[in-house]
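Commentary on secondary and tertiary structure
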Amino acid sequence: MTDLKLFNSLTRRIEHFEPVHPGEARVYTCGPTVYNYPHIGNMRAYVFADVLGRVLTWKGFKLTHVINITDVGHLTDDADAGEDKMEKMAAERAQSIWDVARHYTEAYWADVKALNIRQPAHWSVATDYIEDMLDFAKSIAPQHCYELESGLYFDVSTVEDYGRLARAVTEEGEGRIESVEGKRNAADFAIWRKTPAGEKRQMEWDSPWGRGAPGWHLECSVMGEKLLGFPFDIHTGGIDHREIHHPNEIAQNQAFCGCGGLSEATNSGARFWMHNNFLVERSGKMSKSSGEFLRLQLLIDKGYHPLAYRLMCLQAHYRSELEFSWEGLQAATTRLKRMVMAVEAVRAKIEHVPATPRGGWTQPEARAAAGGTLLHLIGKFDDAIADDLATPEALTLLDEVLGVKKVDADNKAGAIAAMDSVLGLGLFDLTRADLRIRPKAATITEEAIEAVIARRKEARAAKDFATSDALRDELAAQGVEVMDGDPLGWEWKL
Ligand code: AMP
Ligand code: ZN
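The structure reproduced in this document is the subject of the present report. (Residues numbered from 1 in each chain as written. Chains lettered and ligands numbered in written order. Predicted model: local features only at pLDDT ≥ 70, side-chain atom pairs only at ≥ 80, totals over all residues. Heavy atoms only, no water.)

1. Description of the overall build of the protein chain
Threshold: Put simply, DSSP marks the helices as runs of H or I at least four residues long and the strands as runs of E at least two long, and each gets a number from the N terminus on. Here the globule rule reads 2.2 Å times residues to the power 0.38, and the radius of gyration is calculated from C-alpha atoms. Residue contacts are counted whenever heavy atoms from the two residues lie within 4.5 Å of one another. To be clear on the numbers: accessible area is Shrake-Rupley with a 1.4 Å probe, and residue cover counts the displayed protein chains and nothing else.
Helix and strand counts for the protein chain stand at 15 helices and 17 strands. The C-alpha radius of gyration computed for the protein chain amounts to 26 Å, which stays within 12% of the reference 23 Å derived for 494 residues, consistent with globular compactness. If you line up the protein chain on its principal axes, its C-alpha atoms span 90 × 55 × 35 Å. Taking all contacts inside the protein chain whose residues are at least 6 apart in sequence as the whole, residues at least 24 apart take part in 75%. Split by element, the accessible area of the protein chain, about 21,200 Å² in all, is 49% carbon and sulfur.

Here is the structure:
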């Protein structure tokens, strides 16, 4: 079995994964700020964290995964500038923050489910941890914080190696952080933000530093420590968090533990810090301030299956930028269809779909299920995912297994199910019909299309090509393209 190697953003090196607690893996993922729907770029971050968790399971570690829900404290700018995202949206919608948070948390969970992202052990909601945040802040305040009129601030000069994760404590980097009057260092950040005199906020609590709300970075330090204990194994997030949010979390963790410098990775609170690169889109549709931004639901409304988007994510390495395009999504859909067709062919030859072992497939179980002929492909698959989660290569190996001819069908099904337990495409649950592109805006029903197609077949059988062509045109007028001789066996598409 190949050792698991992962890229650690803190050291900028690929390192062997050694768990803090033998046999276990404890992972914390920065979750969504629930002031709006997540865009598909945000969801890339959770697909990545999900694959990481699945690989840890495959490698035999007992996984404890925490994903938080940020419902307080995140300002419109990651540095200490702008308004609270939740307060702003609630005011715009004339709703309570709690209602806004509930609505968008549920929308996020729907995307999580649609993308086959496994449920973490804990969804930790920031506002459930206010007391713990106050305790944490009180414990670090005397040595590391100072009070200004606007709140309690963390003095970044009180910890060693501040900003090492970002590698960007440059004049320019500092200049981007809007200064609050009286800050000792430009990078100092709010631990507690006081409600300005005369104002009343929807979300505010009493504290030794006045009524107000926690700074955004505090919650992740606190929930990570409470639920996983310092140091835990892996902390994940999108690459933007490498610049401000995670360096600040690390500084808080160092302060809390009384730890020294970051040459010792565990002093940061976690052994590994891992970051997914961005999903980008040229026309700016990723921005939540643009009218129709790229939500998973938009892809679904245009007729695509959400797992085609998951496949699109897996086709790129998580540390590479991925450009979204509709053509790319179409290509992923076609690839997924081919996979599903191959699985349907295997399924026709076996009595039972391979049962998922409790807790998910591990590598030894995969080897046992795959049997002799496919063992070398399971081995190569293991090499790929152990090499910093090389999902593009892992997918190619799955394609190879799908294409193998002379092999026992149960072994083949076992190998597919095991590999898919890491990739999470749910290949045994999908059917070709699920993947047919059907835009929501299309008004013609599937039954109506099938009825016309049947009449057209009869006309063709009777060599009545005039009728056959007329029926084809009739469908075309309603947005249905007839696909004679399609290699994937599709007779029509919308
Ligand atoms: P937010 O809800 O803004 O806190 O973001 C949720 C997660 O999505 C964070 O881990 C971000 O780093 C990540 N993220 C934001 N934009 C993108 C993007 N375009 N591509 C990939 N990840 C992103
Ligand atoms: Zn966080």
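2. Regarding the site of ligand 1
The cut-off we apply is this: For this description, a residue counts as near a given molecule or strand if any of its non-hydrogen atoms is within 4 Å of it. N or O atoms within 3.5 Å of each other form a polar contact, as long as, within protein, one can give a hydrogen and the other can take it, and as long as residues adjacent in sequence are counted only when both atoms are side-chain atoms. Throughout, the ten residues Ala, Val, Leu, Ile, Met, Phe, Trp, Tyr, Cys and Pro are labelled nonpolar, Asp, Glu, Lys and Arg are labelled charged, and all others, Gly among them, are labelled polar.
With respect to spatial proximity, 17 residues lie near ligand 1, and among them Thr33, Gly41, Gly238, Asp240 and Leu279 are the closest. Within the backbone of threonine 33, a nitrogen or oxygen atom sits 3.0 Å from an oxygen atom of ligand 1. At 3.1 Å from an oxygen atom of ligand 1 is found a side-chain nitrogen or oxygen belonging to asparagine 42. Protein contacts shield 93% of the accessible area of ligand 1, which totals 490 Å² for the unbound molecule. Sorting the residues of the shell around ligand 1 by element identifies helix H1 (40–58) and strand S12 (232–238) as the ones contributing at least two each. Broken down by element, the shell around ligand 1 gets its largest block of residues, four residues, from H1. Of the residues assigned to the shell around ligand 1, the class counts are five nonpolar, 11 polar and one charged.

3. Some words on the packing of aromatic side chains
Note the threshold: Pairs were defined over the aromatic rings of Phe, Tyr and Trp, the Trp ring being its six-membered one, requiring ring centres within 6.5 Å. Orientation was assigned from the angle between planes: stacked under 30 degrees, edge-to-face over 60, tilted for the rest. Whether a residue is buried, partly exposed or exposed follows from its accessible area with a 1.4 Å probe, protein chains only, as a fraction of its type maximum: under 20%, in between, or over 50%, in that order. Distance and angle both matter: a charge sits over a ring if NZ of Lys or CZ of Arg is within 6 Å of the ring centre and within 35 degrees of the ring normal.
Per the counting criterion, the structure on display carries 17 aromatic pairs. Their ring planes at 20° and their centres at 4.5 Å tell us that phenylalanine 48 and tyrosine 318 sit as a pair that is stacked. Highlighted residues: phenylalanine 48 in helix H1 and tyrosine 318 in the loop between helix H9 (306–314) and strand S15 (322–323), separated in sequence by 270 residues. Residue phenylalanine 48 is classed as buried on the basis of its relative accessible area of 5%. Ring geometry for phenylalanine 230 and phenylalanine 232: centres 6.3 Å apart, planes at 25°, overall stacked. With relative accessibility at 2%, the residue phenylalanine 232 sits in the buried group. Members of the aromatic cluster, connected to one another through ring pairs, are Tyr28, Phe136, Phe230, Phe232 and Phe256. Above the face of the tyrosine 37 ring, arginine 295 is positioned so that its terminal group lies 3.6 Å from the ring centre. Its guanidinium or amino end placed over the ring of phenylalanine 7, arginine 319 lies 4.0 Å from that ring's centre, counting from NZ or CZ.

4. A word on unusual backbone geometry
Each neighbour pair has its own omega, and for phenylalanine 230 with proline 231 the value is -15°, a cis peptide bond. Looking at where proline 231 falls in the secondary structure, it is placed in the loop between helix H6 (216–228) and S12. A positive phi angle is found at arginine 12, which is not glycine, with a value near 55°. The residue arginine 12 is located in the loop between strand S1 (5–8) and strand S2 (13–16) in this model. On the accessibility criterion, arginine 12 (24% relative accessible area) is partly exposed. With a phi close to 55°, asparagine 116 is a non-glycine residue in the positive phi region. Its location among the elements puts asparagine 116 in the loop between helix H3 (97–114) and strand S7 (122–125). According to the relative accessible area criterion, asparagine 116 is partly exposed, its value standing at 26%.

5. Regarding the coordination of the zinc ion (ligand 2)
Heads up, the condition is: Each metal's donors are the N, O and S atoms found within 2.8 Å of it, except that Na, K and Ca use a 3.2 Å limit; water is left out, so coordination can look incomplete.
Distances from the zinc ion (ligand 2) to its protein donors, Cys30 (SG), Cys220 (SG) and His245 (NE2), fall at 2.1 to 2.2 Å. Mapping the donors of the zinc ion (ligand 2) onto the primary sequence gives the spacing C-x189-C-x24-H. Residue cysteine 30 is found in the loop between strand S3 (24–29) and H1, and its partner cysteine 220 is found in helix H6; the two are separated by 190 residues along the sequence. Classification of cysteine 30 as buried rests on a relative accessible area of 7%.

6. Structural notes on the sheet that holds strand S4 (residues 62–69)
Backbone hydrogen bonds are what pair the strands of a sheet, in a parallel or an antiparallel way. Stated precisely, the cut-off is as follows: Only strands joined by at least two bridges in the DSSP assignment are considered to pair. Here an angle of 0 to 180 degrees is reported between the N-to-C directions of two axes, which are lines fitted to C-alpha atoms, with helices fitted over the stretch in contact.
Strand order in the open sheet formed by five strands is S7-S4-S3-S12-S13, and the pairing between neighbours is parallel. Looking at the sheet topology across the chains shown, the edges are occupied by S7 and strand S13 (270–276). The sheet shows a mean angle of 20° between the axes of neighbouring strands, direction not considered. In this structure, S3 lies alongside S12, joined through three bridges in parallel fashion. Residue pairing across strands places valine 27 opposite isoleucine 234, the latter belonging to S12. Packing against the sheet, helix H7 (residues 245–257) makes contact with S12 and S13, and its axis sits at approximately 170° to S13.

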